[in-house]
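Coordinate inspection notes
Here is what each chain is made of, one letter per residue.
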Amino acid sequence: MQYAALVGQDPVELKHEVCAYLKQYGAGRTPTGLDPHTVLAEFPIPTFVTTNYDDFMVQALQRCQTERKSPEACTSTWWDTEADEVPLLEPTPDRPLVYHLHGQWDDPASLVLTEDDYLTYLVNMVDARASGVRQPLPTPVLAAMTASPLLFVGYSLQDWNFRVLFHGLIRPIPPNRRRRHVSVQLLPELSETVAGAAEKAEEYMERYLDGWHISIYIGSTEDFFEELLDRLRTT
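The structure displayed is predicted, hence computed values, not measured ones. (Residues numbered from 1 in each chain as written. Predicted model: local features only at pLDDT ≥ 70, side-chain atom pairs only at ≥ 80, totals over all residues. Heavy atoms only, no water.)

**Some thoughts on the overall build of the protein chain**
Along its length, the protein chain carries 9 helices and 6 strands. Taken against the 2.2 N^0.38 rule, which gives 18 Å for 235 residues, the C-alpha radius of gyration of the protein chain at 19 Å falls within 12% of a compact globule. Across its three principal axes, the protein chain shows a C-alpha extent of roughly 50 × 45 × 40 Å. A total of 235 residues make up the protein chain; the buried ones form 39% of that total. Of the roughly 13900 Å² that the protein chain leaves accessible, carbon and sulfur atoms contribute 54%. For the protein chain, the distance from the average position of its 19 positive side-chain charges to the average position of its 34 negative side-chain charges is 8 Å. (Helix = DSSP H or I, 4+ residues; strand = E, 2+ residues; numbered from the N terminus. Rg over C-alpha atoms; globule rule 2.2 N^0.38 Å. Buried < 20%, exposed > 50% of the residue type's maximum accessible area, 1.4 Å probe, protein only. Areas by Shrake-Rupley, 256 points an atom, 1.4 Å probe, with all protein chains shown as cover. Lys, Arg positive; Asp, Glu negative; His and termini not counted. Charge placed at Lys NZ, Arg CZ, Asp CG, Glu CD.)

**Concerning the nonpolar core**
Judged by nonpolar contacts, the single largest core of 16 residues is most densely connected at Y99, Y121 and L137. Those elements that provide at least two residues to this core are β3 (97–100), α5 (115–131), α6 (139–147) and α7 (160–170). With residues near it in sequence (within four places) discarded, Y121 still touches S76, W78, L101, H102, V112, N161 and L165. In this structure, V39, L40, Y217 and F224 belong to the second largest nonpolar core, which totals 13 residues. (Core = buried A, V, L, I, M, F, W, Y, C linked by side-chain atoms within 4.5 Å. Contact = heavy atoms within 4.5 Å.)

**Side note on the packing of aromatic side chains**
Within the structure shown, the criterion is met by 5 aromatic pairs. Geometrically, the ring pair formed by Y217 and F224 is edge-to-face, given 5.2 Å between the ring centres and 75 degrees between the ring planes. Of the two residues, Y217 and F224, neither departs from the other in class, the shared state being buried. Taken together, the aromatic side chains of W78, W79 and Y121 make up a single cluster linked through ring pairs. Taking the ring centre of F56 as reference, the NZ or CZ of R29 above it sits at 3.9 Å. (Phe/Tyr/Trp six-rings, centres within 6.5 Å; stacked < 30°, edge-to-face > 60°. Lys NZ or Arg CZ within 6 Å of the ring centre and 35° of its normal.)

**Section: the sheet that holds strand β5 (residues 181–185)**
Sheet strands associate in pairs through backbone hydrogen bonding, adopting either a parallel or an antiparallel arrangement. Pairing in this open sheet of 3 strands is parallel, and the strands run β4-β5-β6 from one edge to the other. Of all strands in the sheet, those with a lone pairing partner are β4 (151–152) and β6 (214–218), marking the two edges. As defined by bridge partners, β5 adjoins β6 across 5 bridges and the pair is classed as parallel. The residue bridging H181 from the neighbouring strand is I214, located in β6. Seen against the sheet, helix α8 (residues 197–210) touches β5 and β6 and runs at an angle of roughly 155 degrees to β6. (Pairing = 2+ DSSP bridges. Axes fitted to C-alpha atoms, helices over the stretch in contact; angles between N-to-C directions.)

**Describing the pattern of salt bridges**
In total, this model carries 6 salt bridges according to the counting rule given. Where K15 meets D117, a salt bridge forms, and the shortest distance between an N and an O atom there is 3.0 Å. Placement of K15 in helix α2 (residues 11–27) and of D117 in helix α5 is noted, with a sequence separation of 102 residues between them. Residue K15 is classed as buried on the basis of its relative accessible area, which comes to 5%. Judged by relative accessible area, D117 falls into the buried class, the value being 11%. (Salt bridge = Lys/Arg side-chain N within 4 Å of Asp/Glu carboxyl O.)

In structure tokens form, the structure reads like this:
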């Protein structure tokens, strides 16, 4: 994307093209029974934080079968360090908040897309947190990410963007007040010449993430939600 932005010399137009492509692709999408958005929408969760540009989570919440839900979608103003905090109602299970960390496709200019975007995003987030003058995230989102147990789905915890943001948020919290989190993870590509590579990789991930109070589920998203639903049926 950085290359495309430099060649086209108009990063905003590039973002419009990306959003148009994704919307066209998403228009033919048919959620399955184990679609993560569909499964999670049935739970009484007040806050959803996503780095995706799409509105699949909002659609799933609107389709919720267990109760009527009126989701509110909001995106960060990561490019504007002077912007005031957007006033948001306190999220509730029937009025959940879907917060887009990296922009959403209904506002193409808001996308964190190119390498320059990611650098600006991280710098502004860190500066906002360090200055204490302005919160890097709206109060309900910050509260959810620092005071609630989190479930990470479809996200690489080895991504520098995540590590800087998450570490910056949890660092001020005393260890005895930190919550336990769960992450659904696939193992990285493994060398077939190394004996026990899968076991070693899993052990490394468990030790690495345990320092952040994150337990891992090794498997696909479909595996995780299938097991989750099986457990719910028996309890």
